[in-house]
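# Observations on chain architecture
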Amino acid sequence: MMGPSHALSGAAVWLAGSWALDQFADYHQSPLALAVGTAVCAGGALFPDLDLSGKVTRNQGGATVARTFGVFSLFVAEVMEKISLGVYYATKLSKDPRRNNGHRTLTHTLPFTLLVGWGTTALCAAYGKWAVITILFFMFGLALRGLFDEWAERAGWVIVTLASAGAAWFTFANLPGGRGYPLIGTAVGVGCFVHILGDMITRAGVPILWPIPIRRRMWTMIGLPNSIALRTGSKTEVVVLRAVLTVVSVLATAGLIAPSVLQRFNIDI
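Residues numbered from 1 in each chain as written. Predicted model: local features only at pLDDT ≥ 70, side-chain atom pairs only at ≥ 80, totals over all residues. Heavy atoms only, no water.

The protein chain is annotated in an unreviewed UniProt entry as Membrane-bound metal-dependent hydrolase of Micromonospora lupini str. Lupac 08.

Put into structure tokens, the structure is as follows:
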């Protein structure tokens, strides 16, 4: 899927999940915690595509995530792509094909998702303020680049960077540490997992079963059959899928805020 679809899917899943927890598990979140979780999950849903690099010296190409912070994020994507390709060749078996890039390999696996989610929480707990601000800054930038793609393209990476920095600082100053830090790690991990599920419905698939060997292949791509798989950039994705995700997000948000609004005006239903 394309970057904006990934980001929207992350936001929709987090909002829908928050509504379900609110309704059936009596787990309530403050408006700030809900907004932060939604934004971080949307950003996390772009993160696995950091393995798709572009042209660093020209500030061109790459996935949406790679273009978020200009040359800097393109360089990070280049490094991640090379690491992913190295892991692929270090673990491939005889039936795994040769590759010239690391896209849809390491960062599109369940172990990577779990590591990122756990690692985010661990970093926030161990290093506090600056780790939290850095992670929020990065995830907010991805969320802005994905959810508001056309605006971000026009505004440029400098504006996106400044907006992300301001939002990260404000969030750190107002988000309770004891409850906020685990929320950040969970949101990043959920976002990465949602990304994997999104790519599974496309023709290329993802190696979600790695590192389980199957018929002398370590990197077996799992996805839908071509006859029903989603084609990246098609009208089905851009129009239909995004419309569905938007409706889910709006309904979940309404379900979360409606009770407090009704209570404020003393309206019983």
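### Focus on the environment of Leu-136
Locating Leu-136 in the fold gives a position in helix H5 (residues 129–147). In this structure, the C-alpha to C-alpha distance between Leu-136 and Val-206, residues 70 residues apart in sequence, is 27 Å. Those residues in contact with Leu-136 that lie beyond four places of it in its chain are Val-36, Val-40, Ala-168, Thr-171, Phe-172 and Ile-184. (Helix = DSSP H or I, 4+ residues; strand = E, 2+ residues; numbered from the N terminus. Contact = heavy atoms within 4.5 Å.)

### Focus: the packing of aromatic side chains
The tally for this structure, following the rule as stated, stands at nine aromatic pairs. Between the aromatic rings of Trp-130 and Trp-169, the centroid separation amounts to 6.0 Å while the plane-to-plane angle is 50 degrees, which identifies the pairing as tilted. Within this pair, whereas Trp-130 is found in helix H5, its partner Trp-169 is found in helix H7 (residues 157–174), the two being separated by 39 residues in sequence. Owing to a relative accessible area of 54%, Trp-130 belongs among the exposed residues under this scheme. (Phe/Tyr/Trp six-rings, centres within 6.5 Å; stacked < 30°, edge-to-face > 60°. Buried < 20%, exposed > 50% of the residue type's maximum accessible area, 1.4 Å probe, protein only.)

### Here's the deal with a nonpolar patch on the surface
Taken together, the side chains of Leu-147, Phe-148, Trp-151, Trp-157, Val-158, Ile-159 and Leu-162 present a nonpolar region at the surface, about 660 Å² in accessible area. Residue contributions to the nonpolar patch peak at four residues, all from H7. Within the fold, Trp-151 resides in helix H6 (residues 149–155). A relative accessible area of 35% places Trp-151 in the partly exposed class. (Patch = residues over 30% accessible without salt bridge, like charges linked within 9 Å, V, L, I, M, F, W, Y side chains within 5 Å. Areas by Shrake-Rupley, 256 points an atom, 1.4 Å probe, with all protein chains shown as cover. Salt bridge = Lys/Arg side-chain N within 4 Å of Asp/Glu carboxyl O.)

### Some remarks on the packing of helix H1 (residues 3–24) against helix H2 (residues 31–44)
Helices that pack against each other are described as a pair by the angle of their axes relative to one another and the distance between those axes. Taken N-terminus to C-terminus, the directions of H1 and H2 make an angle of 145 degrees; their axes are 7 Å apart at the nearest point. In this structure, H1 crosses over H2, and the sense of that crossing is right-handed. On the side of H1, the interface is formed by Ala-7, Gly-10, Ala-11, Trp-14, Leu-15 and Ser-18, while H2 contributes Leu-34, Gly-37, Thr-38, Cys-41 and Ala-42. For the contact of H1 with H2, the residue count by class is seven nonpolar, four polar and no charged. (Axes fitted to C-alpha atoms, helices over the stretch in contact; angles between N-to-C directions. Left-handed = near helix turned anticlockwise from the far one by under 90°. Nonpolar A, V, L, I, M, F, W, Y, C, P; charged D, E, K, R; others polar.)

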